[in-house]
Amino acid sequence: GDSVTQTEGPVTVSESESLIINCTYSATSIAYPNLFWYVRYPGEGLQLLLKVITAGQKGSSRGFEATYNKETTSFHLQKASVQESDSAVYYCALGDVGDNSKLIWGLGTSLVVNP
Amino acid sequence: GGIITQTPKFLIGQEGQKLTLKCQQNFNHDTMYWYRQDSGKGLRLIYYSITENDLQKGDLSEGYDASREKKSSFSLTVTSAQKNEMAVFLCASSITGTGYAEQFFGPGTRLTVL
């Protein structure tokens, strides 16, 4: 079936360290997968961080980036130097270009950045 | 920009009770969604609607009804609350017609059933 697996949290890093949150997917029934990272900051609603709809492309936002790798079925989220304000819960999601309703969500990864 | 509001923010019910959650958006989006999130789990789609008066079932629709009487509002009814049920219900909206459209989320309604 279709599924998303991401790094189990919490992930704790110190400010200015690098970060990678892994996301792998299975898209057995989706002809044209597209991939998203959503984020929920403390006290705020879920919001889109970045998305990529074409395999091989990279998305970036707020210093984060993720590359849609069709060969390894991965969409890992990376940042070279995290800040305390990046503390949040990050969700990887798998969508279907042909079906707006279909969004398969990962369980979320809680990131804690220590000052 | 726009905003999605959900009411109530917290909902406490009794077993067997019918409970209604409301969602309003001012993005002028055609598509609206209701998701359920249990602790430590991903979001699961309950219902969605692509236009006024349209309803489409998601994977988790059993035990729920929905209503989209206006483009800007989408309500969800828990038809019979289950004892000890606890979850957060999230409403979202997006532009219709694209499978890669960003979904915009409300702050959620936290349900507790005694």
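Quick look at the structure, then. Fair warning: this is a prediction, and the values are worked out from it, not measured in the lab.

Calculation notes
Residues numbered from 1 in each chain as written. Chains lettered and ligands numbered in written order. Predicted model: local features only at pLDDT ≥ 70, side-chain atom pairs only at ≥ 80, totals over all residues. Heavy atoms only, no water. Contact = heavy atoms within 4.5 Å. Buried area = accessible area lost by both parts, 1.4 Å probe. Salt bridge = Lys/Arg side-chain N within 4 Å of Asp/Glu carboxyl O. Polar contact = N/O pair within 3.5 Å; in protein donor to acceptor, adjacent residues only side chain to side chain. Helix = DSSP H or I, 4+ residues; strand = E, 2+ residues; numbered from the N terminus. Nonpolar A, V, L, I, M, F, W, Y, C, P; charged D, E, K, R; others polar. Pairing = 2+ DSSP bridges. Axes fitted to C-alpha atoms, helices over the stretch in contact; angles between N-to-C directions. 1 Å grid on protein atoms, 1.4 Å probe; cavity = no way out; pocket = protein on both sides within 12 Å on 5 of 7 lines; lining within 4 Å. Points joined across faces, edges and corners; volume = space filled by probe spheres on them.

1. Examining the interface of chain A and chain B
Part 1 of the argument: Chain A puts 19 residues into the contact, and the matching count from chain B is 23 residues.
Part 2 of the argument: In total, chain A and chain B occlude about 1600 Å² of area from one another, counting both sides; carbon and sulfur atoms represent 53% of this.
Part 3 of the argument: Between chain A and chain B we count zero salt bridges in total.
Part 4 of the argument: Counting across the chain A and chain B interface gives three residue pairs in polar contact (both at pLDDT 80 or more).
Part 5 of the argument: With five residues, the single largest contributor to the side of chain A that touches chain B is strand 11 (residues 99-105) of chain A.
Part 6 of the argument: Residue composition of the side of chain A that touches chain B, grouped by class: ten nonpolar, five polar and four charged.

2. Quick word on the pairing of strand 7 (residues 64-70) of chain B
Residue and element names in this part refer to chain B.
Part 1 of the argument: As paired elements, strand 7 and strand 8 (residues 73-78) share five bridges and run antiparallel to each other. Bridge pairing in strand 8 places Asp65 opposite Thr77.
Part 2 of the argument: Between strand 7 and strand 8, which follow one another and run antiparallel, lie two residues.

3. Thoughts on the sheet that holds strand 3 (residues 19-25) of chain B
All names here are of chain B.
Part 1 of the argument: Read across the sheet, four strands follow the order 1-3-8-7 without closing on themselves; strand pairing throughout is antiparallel. In this open sheet, the two edge strands, each paired with only one partner strand, are strand 1 (4-7) and strand 7. When strand polarity is set aside, the average angle formed by the axes of neighbouring strands in this sheet is 15 degrees.

4. Digging into the sheet that holds strand 9 (residues 77-79) of chain A
Residues and elements named next belong to chain A.
Part 1 of the argument: Overall, antiparallel pairing links the four strands, which are arranged 3-9-8-7 in an open sheet. Two strands bound the open sheet, and with one partner strand each, they are strand 3 (19-21) and strand 7 (58-61). Taken over all neighbouring pairs, the strand axes of this sheet differ in orientation by 20 degrees on average, direction set aside.

5. Details of the layout of surface pockets
Part 1 of the argument: Reported here for the largest pocket is a volume of approximately 620 Å³.
Part 2 of the argument: Lining the largest pocket we find 27 residues, and of these A:Arg40, B:Gln37, B:Val88, B:Pro107 and B:Arg110 sit closest to its centre.
Part 3 of the argument: Contributing elements (two or more residues each) for the lining of the largest pocket: strand 10 (88-96) of chain A together with strand 9 (86-94) and strand 11 (109-113) of chain B.
Part 4 of the argument: Looking at the lining of the largest pocket, the element that brings in the most residues is strand 9 of chain B, giving four residues.
Part 5 of the argument: For the lining of the largest pocket, the residue count by class is eleven nonpolar, ten polar and six charged.
Part 6 of the argument: Estimated volume of the second largest pocket: approximately 300 Å³.
Part 7 of the argument: Lining the second largest pocket are 16 residues, and of these A:Leu103, A:Ile104, B:Arg44, B:Leu45 and B:Asp59 lie nearest its centre.
Part 8 of the argument: For the lining of the second largest pocket, the secondary-structure elements that each account for two or more residues are strand 11 of chain A together with strand 5 (43-49) of chain B.

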